[in-house]
Amino acid sequence: MMKFDTGQVVCTTNLQNKVGEDNMASVVSRVLARHVNGDWGDLSEEDKKANDKALKDGERIMSAYNTENNIRIWVITEWDRSVTTVLLPEDY
């Protein structure tokens, strides 16, 4: 069950280049599914608690995941839930 809306989902060009066009939809759908269900991925306990609080307080939510190809992906949903960006850490 989705815990929040993502708004418009956008991805960086750098992520697309790194993951590859053939894998892009699959990778993005997997990390988004985890993100909206409250699985914050590979974050510290402190950051996970901050996300849980952000759900209640209407603040920005950030998740981080490592793919099977050892690519680190961040997912950031803005405080107003208007946009969710899927990106590499170096794109931030």
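Above: the structure in question.
1. Details of the nonpolar core
Point 1. Counting 13 residues, the largest nonpolar core has L15, V19, V31, I73, V75 and V86 as the members making the most contacts within it.
Point 2. For this core, the secondary structure elements donating two or more residues are α1 (13-19), α2 (21-36) and β3 (72-77).
Point 3. Here this core gets 5 residues from one element, more than from any other, and that element is α2.
Point 4. Contact partners of V75, with chain neighbours within four places excluded, come to V31, L32, H35, I61, M62, S63, Y65, T84, T85 and V86.

2. Some thoughts on the environment of Q8
Point 1. By secondary structure assignment, the location of Q8 is in strand β1 (residues 8-11).
Point 2. Considering only alpha carbons, one finds Q8 and N51, 43 residues apart in sequence, at a separation of 19 Å.
Point 3. Excluding its chain neighbours within four sequence positions, the residues that come into contact with Q8 are S82, V83 and T84.

3. With respect to the packing of aromatic side chains
Point 1. For the structure on display, the rule yields 2 aromatic pairs.
Point 2. Ring centres 6.3 Å apart and planes at 25 degrees place the aromatic pair F4 and W40 in the stacked group. Here W40 lies in the loop between α2 and α3 (45-57) and F4 lies in the segment before β1, a separation of 36 residues in the sequence.
Point 3. For F4, a relative accessible area of 7% gives the class buried.

Basis of the calculations
- Residues numbered from 1 in each chain as written.
- Predicted model: local features only at pLDDT ≥ 70, side-chain atom pairs only at ≥ 80, totals over all residues.
- Heavy atoms only, no water.
- Core = buried A, V, L, I, M, F, W, Y, C linked by side-chain atoms within 4.5 Å.
- Buried < 20%, exposed > 50% of the residue type's maximum accessible area, 1.4 Å probe, protein only.
- Helix = DSSP H or I, 4+ residues; strand = E, 2+ residues; numbered from the N terminus.
- Contact = heavy atoms within 4.5 Å.
- Phe/Tyr/Trp six-rings, centres within 6.5 Å; stacked < 30°, edge-to-face > 60°.

Read these as spatial facts, not as claims about activity.
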